[in-house]
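Commentary on secondary and tertiary structure
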Amino acid sequence: MEAAQQGSQQHPDSVPEVGEDAVTSVGPPPLPPAMTKEEQQELQEELFKVEDEILTLSQVLAAKEKQMADIKRKLGITPLNELKQNFTKTWQDVTTSTAYRRTSETLSQAGLKATAAFSTVGSAITRKLEDVRNAPTFKSFEEKVETLKTKMTPSASTGDPDQQDSDGPATDTFISQPDGSATQDTPMN
């Protein structure tokens, strides 16, 4: 170990080896060659002054923050109110920004173009459906459905409800209830 101490004393800039005694490697840093003891003393005094000013400023800042909290409490300003105000201000800043205005304008124009496109597509579909409805095939189909509907619709009878018209199928049926009574079930149109 003495050899290691002698080696570090001969080469003060050398890196201490693992396991070397920490006391021998810790010590005051060597003085820069261009600095005199007086200059070093002045810098030490300036360092202490700056550290003292930092400590004083930290204490003043803490006192001012406490004073601010007391004033806000007296005014009824809560952290939630502050958060709301900050959010409102931030939102206002965002909405007045150039990027937001450009994006808003672009989206507005895109919406107008999409509306126009949907309108055009809707008009085209409407025209096509009108063409289909006016086609002879559809007219024939429509007539057949109308005829079927006429045959299926019960005619208004003025006589006994037990009599049924022989023209079409019966639309009223009787269903037996569990208690033995019969109820009439009417179809839904």
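Residues numbered from 1 in each chain as written. Predicted model: local features only at pLDDT ≥ 70, side-chain atom pairs only at ≥ 80, totals over all residues. Heavy atoms only, no water.

Overview of the overall build of the protein
Definition in use: By the criteria applied, helices consist of DSSP H or I runs no shorter than four residues and strands consist of E runs no shorter than two, each listed in order from the N terminus. With a 1.4 Å probe rolled over the protein chains alone, any residue whose accessible area is under 20% of its type maximum counts as buried; one over 50% counts as exposed, and the rest are partly exposed.
A count of helices and strands for the protein gives 6 helices and 2 strands. Each helix (α) and strand (β) of the protein, taken in turn from the N terminus, gives the series α-α-α-α-α-α-β-β. Each of the 189 residues in the protein was classed as buried or not, and the buried ones make up 1%.

Concerning the packing of aromatic side chains
Heads up, the rule is: Whether two aromatic rings pair depends on their centres lying within 6.5 Å, for rings of Phe, Tyr and Trp, where Trp uses its six-membered ring; planes under 30 degrees apart make the pair stacked, over 60 edge-to-face, and the rest tilted.
Enumeration according to the criterion identifies 1 aromatic pair in this entry. When the centroid spacing of 6.1 Å and the interplanar angle of 75° are considered together, the rings of tryptophan 91 and tyrosine 100 count as edge-to-face.

Observations regarding the packing of helix α5 (residues 98-134) against helix α6 (residues 136-152)
For the record, the criterion: Axis lines are fitted to C-alpha atoms, over the contacting stretch for helices. Their N-to-C directions set the angle, which ranges from 0 to 180 degrees. An angle counts as roughly parallel when it lies under 35 degrees, as roughly antiparallel when it exceeds 145, as roughly perpendicular when it falls between 65 and 115, and as oblique in every other case. Note on contacts: a residue pair qualifies if any of its non-hydrogen atoms lie within 4.5 Å across the two residues. The residue classification treats Ala, Val, Leu, Ile, Met, Phe, Trp, Tyr, Cys and Pro as nonpolar and Asp, Glu, Lys and Arg as charged. All others, Gly included, are polar.
α6 packs onto α5 with a crossing angle of 65° between their chain directions and a minimal axis gap of 5 Å. Considered as vectors, α5 and α6 are oriented roughly perpendicular to each other. When α5 is examined against α6, the residues Val132, Arg133 and Asn134 are found in contact with a partner set consisting of Pro136, Phe138, Lys139 and Glu142. Of the residues in the contact of α5 with α6, the class split is 3 nonpolar, 1 polar and 3 charged.

Describing the environment of methionine 35
By secondary structure assignment, the location of methionine 35 is in the loop between α2 (22-25) and α3 (37-75). Sequence-distant contacts of methionine 35, defined by excluding residues within four places in its chain, comprise Gln40 and Leu43.

Structural notes on the pattern of salt bridges
Proximity of charged atoms lets side chains of opposite charge pair with each other. Threshold: The working definition used for a salt bridge is a side-chain nitrogen of Lys or Arg within 4 Å of a carboxyl oxygen of Asp or Glu.
According to the stated counting rule, one finds 4 salt bridges in the structure shown. With a shortest N-O distance of 3.7 Å, arginine 73 and aspartate 70 are connected by a salt bridge. With arginine 73 and aspartate 70 both in helix α3, this residue pair falls 3 residues apart, about one helical turn. The closest approach of N and O atoms between lysine 72 and glutamate 82, which form a salt bridge, is 2.4 Å. Note that lysine 72 is positioned in helix α3 and glutamate 82 in helix α4 (residues 79-95), a separation of 10 residues in sequence.

Description of α6
Selection criterion: The span expected for a helix works out to 1.5 Å for each residue beyond the first.
End to end, α6 covers 24 Å across 17 residues, agreeing with the expected 24 Å (1.5 Å per residue, within 8%). In terms of burial, α6 is a largely surface element, 0 of the 17 residues being buried.

Observations regarding the confidence of the model for the protein
Low-confidence regions, as indicated by low pLDDT, have predicted coordinates that should not be scrutinised in detail. Heads up, the condition is: Per residue, pLDDT measures the predictor's confidence, with a range of 0 to 100.
Taken over all residues, the pLDDT of the protein has a mean of 77, while the share at 70 or more is 64%. Here residues 1-8 is a poorly scored stretch, pLDDT under 50, and it has 5 contacts once near neighbours within four places are set aside; other chains count. Segment residues 168-176 is flagged for pLDDT under 50; beyond a separation of four residues in sequence, or across chains, it makes 23 contacts in the model.

Considerations on a negative patch on the surface
What counts here: To count toward a patch, a residue needs a relative accessible area over 30% and no salt bridge; like charges are then connected within 9 Å, while nonpolar side chains (Val, Leu, Ile, Met, Phe, Trp, Tyr) are connected within 5 Å. Areas reported as accessible are Shrake-Rupley estimates using a 1.4 Å probe. Residue values count occlusion only from the protein chains shown. Positive charges are assigned to Lys and Arg, negative charges to Asp and Glu, while His and the chain termini are left out of the count. Charged side chains are reduced to one point each, which is NZ for Lys, CZ for Arg, CG for Asp and CD for Glu.
A cluster of like negative charges, contributed by Glu38, Glu39, Glu42, Glu45 and Glu46, occupies part of the molecular surface. Along the chain, glutamate 38 turns up in helix α3.

Describing a nonpolar patch on the surface
On the surface, Phe87, Trp91, Val94 and Tyr100 cluster together to form a nonpolar patch covering roughly 420 Å² of accessible area. Structurally, the position occupied by tyrosine 100 is in helix α5.

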